[in-house]
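Residue-level listing of the chains:
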Amino acid sequence: MPQRISISCTLPLPGNIGKPLSVAFKVMNDTSERLPAQRLQLIGDEYWLPTCSVALPAISPYTESRPVALKMRCRWTTDPAAVPSSFSVQLDESGAKTPFRWSFWVFTKTLRDYSPVGLPGAHGADKYTLLCFGLAGSGKSSFFNSALTLMHQGCDVVNTVASGGTLGHNTTAIKRYEVPSANFTLLDTWGLDCNNYKDEHKVLPALLDGWLPGNWKMDASVRNQRHELAANHFSRNTRRVHGVLFFVIASAVHDDQEMETLKVSFQKVKDMGYEPIVVLSQADRECAGCVDDTLGEHKGLSELKSKAAAVLGIAQKEIIHCVNYTNSTERRFETDRLTYKILDMVLHNARNFCEADRPLRSMQSLISGDWENEDDVLEW
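Residues numbered from 1 in each chain as written. Predicted model: local features only at pLDDT ≥ 70, side-chain atom pairs only at ≥ 80, totals over all residues. Heavy atoms only, no water.

Contact pair helix H2 (residues 140-150) / helix H8 (residues 333-355): the axes reach a minimum separation of 9 Å and the direction vectors enclose 100°. Judged by the inter-axis angle, H2 sits roughly perpendicular to H8. Seen from H2, the contacting residues are Phe143, Ser146, Ala147, Thr149 and Leu150; seen from H8, they are Asp336, Thr339, Tyr340, Ile342 and Leu343. (Axes fitted to C-alpha atoms, helices over the stretch in contact; angles between N-to-C directions. Helix = DSSP H or I, 4+ residues; strand = E, 2+ residues; numbered from the N terminus. Parallel < 35°, antiparallel > 145°, perpendicular 65-115°, else oblique. Contact = heavy atoms within 4.5 Å.)

This is the structure we're talking about:
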């Protein structure tokens, strides 16, 4: 085996995009010569500053150094597209560059810092509730796995949630997924079709306003069980939805009937005070190039977003495409980068929703549909 000098590093705790990271490095002197004291330097690029270095003591032959902490400073930005997937360091003496690749998990502190605590519209909730809503088969459950993967430290893809990605209801009851070390919960429910979420069923407003408990079934009636639901209103604040991800299948944008179905429910969500983030799902089936450049500009996707925005009556910037983990077992920096962007957008809107201090509605106003004359009485 050839004699060599190698450098290793340990993943730091999650930090913020645009803020310094302190990374621990070790140097292995696998040679018969003493390695003199020198500096370990970060190689600068468009994100990392080139002036970052740390002193490295001399290292005896066939010995590994103690960890040295290199404070990696960067140019200020909050844009996930600016973060490179790799970086390099070098020793003064050898000059050879050692490259490192890491997970986007390292930059997830911003997502973890979001919290509804103290905001008037949270009504005491200590976590944001984020709802994934959209057509059946739009890949909502797959997105949960992508989100859990992003917030997971390991190198593997998390497959906690069973996903289908085909027409039909893969999810038939309300399910909540806790995200480790984060102040938000992901809410999964059955997909939208022409037979559900109708006005007379009152399911969508009841879901958004926290009336429906966990495991509420797809075919259950809010109107028929309104008295039982009203009796358990005390925990509504922990179930109320604060942010909405509204999934539109990329291939469905050209289907006028499906887009009309989406438009009706989308307007209902907006009428209840939400600013949903529209997610153009299964984008990689329409544009293969977005897999390796998830936040880049892609003409085909821009055209789909423009058409969807026109139908829904929103600005194109309120639509973001999505590429989920489906058959992959290894996490990808680009996929995680895009998932980060989606979560950051919806958490930003969730914070705005809570800052607006919208009241919890009564069951009476829910059934009657009279939101204007709400007296904020929770009982039936």
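Anyway, onward from the coordinates.
To continue, consider empty space enclosed by the protein. Tallied over the full model, the rule gives 2 cavities of 30 Å³ or more. Considered as a void within the structure, the second largest cavity measures approximately 50 Å³ in volume. In terms of residue class, the lining of the second largest cavity is built from 5 nonpolar, 1 polar and 2 charged. (1 Å grid on protein atoms, 1.4 Å probe; cavity = no way out; pocket = protein on both sides within 12 Å on 5 of 7 lines; lining within 4 Å. Points joined across faces, edges and corners; volume = space filled by probe spheres on them. Nonpolar A, V, L, I, M, F, W, Y, C, P; charged D, E, K, R; others polar.)

Where burial is concerned, most of H2 is hidden: 11 out of the 11 residues are buried. Turning to H2, its buried residues number three or more, namely Lys140, Ser141, Ser142, Phe143, Phe144, Asn145, Ser146, Ala147, Leu148, Thr149 and Leu150. Among the structural elements, helix H1 (109-113), strand S9 (128-134), strand S10 (175-178), strand S11 (184-188), strand S12 (243-249) and H8 are those in contact with the buried residues of H2. (Buried < 20%, exposed > 50% of the residue type's maximum accessible area, 1.4 Å probe, protein only.)

Attention now goes to the packing of aromatic side chains. Across all of its chains, the model carries 15 aromatic pairs by this definition. Summarising the aromatic geometry, the rings of Phe25 and Phe87 are spaced 6.4 Å apart at their centres and angled 85° between planes, so their arrangement reads as edge-to-face. Here Phe87 lies in strand S7 (residues 86-91) and Phe25 lies in strand S2 (residues 21-30), a separation of 62 residues in the sequence. Each member of the pair, Phe25 together with Phe87, is buried. (Phe/Tyr/Trp six-rings, centres within 6.5 Å; stacked < 30°, edge-to-face > 60°.)

Bringing the side chain of Asn324 into the picture now. Turning to its location among the elements, Asn324 is positioned in the loop between strand S14 (319-321) and H8. A distance of 3.4 Å separates a polar atom in the side chain of Asn324 from the backbone oxygen of Gly139. Only 3.0 Å separates the side chain of Asn324 from the side chain of Ser146, close enough to count as a polar contact. In contact with Asn324, other than residues within four places in its own chain, are Gly139, Ser142, Phe143, Ser146 and Thr335. (Polar contact = N/O pair within 3.5 Å; in protein donor to acceptor, adjacent residues only side chain to side chain.)

Turning our attention to the environment of Ala37. Relative to the helices and strands, Ala37 resides in the loop between S2 and strand S3 (38-42). With 19 residues separating them in the primary sequence, Ala37 and Leu56 have C-alpha atoms 5.6 Å apart. Filtering out sequence-adjacent residues up to four positions away, Ala37 remains in contact with Leu56, Pro57 and Ala58.

Here we come to the nonpolar core. By size, the foremost hydrophobic cluster in this structure holds 115 residues, and its most contacted members are Phe25, Trp48, Trp102, Phe107, Phe184 and Leu343. Here this core takes 11 residues from H8, the largest share from any one element. Sequence-distant contacts of Trp48, that is, excluding residues within four places in its chain, are made with Leu21, Leu42, Ile43, Met72, Arg73, Cys74, Arg75, Pro84, Phe87, Trp102 and Phe107. (Core = buried A, V, L, I, M, F, W, Y, C linked by side-chain atoms within 4.5 Å.)

Turning to its location among the elements, Arg112 is positioned in helix H1. No salt bridge is formed by the buried Arg112. Its closest oppositely charged neighbour is Asp113, at 7.8 Å. Engagement of the side chain of Arg112 in a polar contact is seen with the backbone oxygen of Ser181, the distance being 3.3 Å. (Lys, Arg positive; Asp, Glu negative; His and termini not counted. Salt bridge = Lys/Arg side-chain N within 4 Å of Asp/Glu carboxyl O.)

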